[in-house]
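What follows is each chain in one-letter form.
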Amino acid sequence: MTDHLSASILNALADGELAADQLATTNQHLAQCPLCTSNALHHSLLKSATAKAGQRYAPTPDFQARLARRIREDISLQEASSLDHARSSMHGLPFYGWTAALAVLVLLVGIVLVQHNRNQSAMVSAQFAALATEVCDQHIATLAANAPPEVISSDRHTVKPWFQGKLPFSFNLPDNLPSGTTLDGANLTYIHGRPAAQLLYSIGKHRVSVYLEQGIDGGMSNGLSTDHSGFHVLSFKSGDLEGIAVSDVDPTRLHDLVSMIANAQK
């Protein structure tokens, strides 16, 4: 093989910016080209290391306590100064005036906290919606390609070792599966530009994709679920791993499979 993936494609893959058709073509190439697979993994690890380095510093609890105490002291000094000034210029402010001011302050703080929680919730929902779209597109591309998995086996002892050297993490597969569920194989793929395992299952006549990746801050959200393009999407976390499952099977049966995979990581 002489043609390799360009730097722009590898960068777009690491950033999770490839369209569904480009991603499918890229994954097919990676399945046959060890050099590009190594380069893609390097880009992904570099992106992950950069993100972690940017979040390396976190204030200690002792520092936070000292900072909070200093803020309270400054506020007390400002309040005392303001009170002295008010008394000297207005000969004292009626008690009900301070009560009203305190009530307004409490109300403003409450509004800020509520708005912050709403913003956080909206951000998490938007991130999960984008993730659900990406994994559904990948699942649909897998079904449409009608190609065999990169590793074809129903034996967990064959599927798991296949990923050694291809992923920067390891995972376990459950000893047993729910009734009517079989392991068909697996693929190496990328979620948001980060390497992930795509485990392929069948539940009756329904196909299931379960994606596993290394857990990071801002990664997959735990326990969120949604419906997208006719598929059920369910996320989970277990230990250092994060996962998300996609299928059109009954949500209860999908949850049973996800629970077994999550428990296998403990």
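The structure this text deals with has already been given above.
Residues numbered from 1 in each chain as written. Predicted model: local features only at pLDDT ≥ 70, side-chain atom pairs only at ≥ 80, totals over all residues. Heavy atoms only, no water.

Right, let's talk about the overall build of the protein for a bit. Looking only at helices and strands, the protein has seven helices and seven strands in total. Sorting the 266 residues of the protein into buried and exposed places 33% on the buried side. Taking as baseline every contact in the protein between residues at least 6 positions apart, the subset at least 24 positions apart corresponds to 61%. Counting every atom, the protein has about 15,700 Å² of accessible surface; 57% of that belongs to carbon and sulfur. (Helix = DSSP H or I, 4+ residues; strand = E, 2+ residues; numbered from the N terminus. Buried < 20%, exposed > 50% of the residue type's maximum accessible area, 1.4 Å probe, protein only. Contact = heavy atoms within 4.5 Å. Areas by Shrake-Rupley, 256 points an atom, 1.4 Å probe, with all protein chains shown as cover.)

Judged by nonpolar contacts, the single largest core of 27 residues is most densely connected at F163, F171, L199, Y201, V210 and L212. Elements supplying a minimum of two residues to this core: strand 2 (181-191), strand 3 (194-203), strand 4 (206-214), strand 6 (231-238), strand 7 (241-247) and helix 7 (251-264). At five residues, helix 7 tops the list of elements feeding residues into this core. When sequence neighbours within four positions are dropped, the list of residues in contact with F163 reads F171, A186, N187, L188, A197 and L199. Among the nonpolar cores identified, the runner-up in size contains 12 residues, and A132, C136, A196 and V233 belong to it. (Core = buried A, V, L, I, M, F, W, Y, C linked by side-chain atoms within 4.5 Å.)

This part takes up the pairing of strand 4. The side chains of a regular strand alternate between both faces of the sheet. Note: strand 3 against strand 4, seven bridges, orientation antiparallel. Bridge assignment links A197 to a residue of strand 4, and that residue is L212. In this antiparallel pair of consecutive strands, strand 3 and strand 4, the connection spans two residues, and G204 shows a positive phi of 65°. The pairing of strand 4 with strand 7 spans seven bridges and is antiparallel. Within strand 7, the position partnered with E213 by the bridge is E242. (Pairing = 2+ DSSP bridges.)

Next up on the list: the packing of aromatic side chains. Within this structure, the stated rule accounts for two aromatic pairs. On the basis of an interplanar angle of 85° and a centroid distance of 4.9 Å, the ring pair of W162 and F163 is categorised as edge-to-face. With a relative accessible area of 3%, F163 lands in the buried category. Here F163 and F171 contribute two aromatic rings whose centre-to-centre distance is 5.5 Å and whose plane-to-plane angle is 65°, an arrangement assigned as edge-to-face. Each member of the pair, F163 as well as F171, is classed as buried. (Phe/Tyr/Trp six-rings, centres within 6.5 Å; stacked < 30°, edge-to-face > 60°.)

This part covers the pairing of strand 5 (residues 225-228). Where strand 5 lies against strand 6, four bridges are found, and the strand directions are antiparallel. Bridge pairing links T226 to V233 in strand 6. Counting the residues between successive antiparallel strands, the hairpin from strand 5 to strand 6 contains two residues, one of them, S229, with a positive phi of roughly 55°.

For the rest of this paragraph, the subject is helix 1 (residues 7-14). Among the residues of helix 1, those classed as buried are L10, A12, L13 and A14. Where helix 1 ends, the next residue or the one after it, G16, has phi of about 70°, a positive value.

This part takes up the sheet that holds strand 4. As summarised here, the arrangement of the seven strands in space is 1-2-3-4-7-6-5, forming an open sheet in which the pairing is antiparallel. Edge positions in the sheet fall to strand 1 (151-152) and strand 5, since each of these pairs with one other strand and no more. Of the strands in this sheet, strand 2, strand 3, strand 4, strand 6 and strand 7 are in contact with helix 7, which crosses strand 6 at around 20°. (Axes fitted to C-alpha atoms, helices over the stretch in contact; angles between N-to-C directions.)

Two residues of an α-helix separated by three or four positions point the same way, owing to the 3.6 residues in each turn. If you check helix 2 (residues 20-32), its first and last C-alpha atoms are 19 Å apart, about what 13 residues at 1.5 Å a residue would give, namely 18 Å. Along helix 2, the positions that sit buried rather than exposed are L23, T26, N27, H29 and L30. Along helix 2, the residues classed as buried sweep out an arc of 165° about the axis, all on the same side. With respect to the buried face of helix 2, the exposed residues turned more than 90 degrees away are D21, T25 and Q32. (Expected span 1.5 Å × (residues − 1). Arc of directions from axis to C-beta.)

Our next topic: the environment of A141. Its place among the elements puts A141 in helix 5 (residues 95-145). For A141, a relative accessible area of 24% corresponds to the partly exposed category. Linking A141 and T25, residues 116 residues apart in sequence, is a C-alpha distance of 9.9 Å.

Its place among the elements puts H139 in helix 5. A distance of 2.7 Å separates polar atoms of two side chains, one belonging to H139 and the other to S209. Non-local contacts of H139, meaning those with residues more than four positions away in its chain, are made with R207, V208, S209, Y211, F231, V246 and S247. (Polar contact = N/O pair within 3.5 Å; in protein donor to acceptor, adjacent residues only side chain to side chain.)

Following the criterion strictly, the structure yields four salt bridges and no others. Taking the shortest distance from any N to any O, the salt bridge between R156 and D175 comes out at 2.6 Å. With R156 in helix 6 (residues 156-162) and D175 in the loop between helix 6 and strand 2, this pair connects stretches of sequence that are 19 residues apart. The exposure class assigned to D175 is exposed, which follows from its relative accessible area of 59%. A salt bridge links E213 to R194; the shortest N-O distance between them is 2.9 Å. Within this pair, whereas E213 is found in strand 4, its partner R194 is found in strand 3, the two being separated by 19 residues in sequence. Taking relative accessible area as the criterion, E213 reaches 3% and is therefore assigned buried. (Salt bridge = Lys/Arg side-chain N within 4 Å of Asp/Glu carboxyl O.)

Bear in mind that shape data such as this cannot, by itself, settle questions of function.
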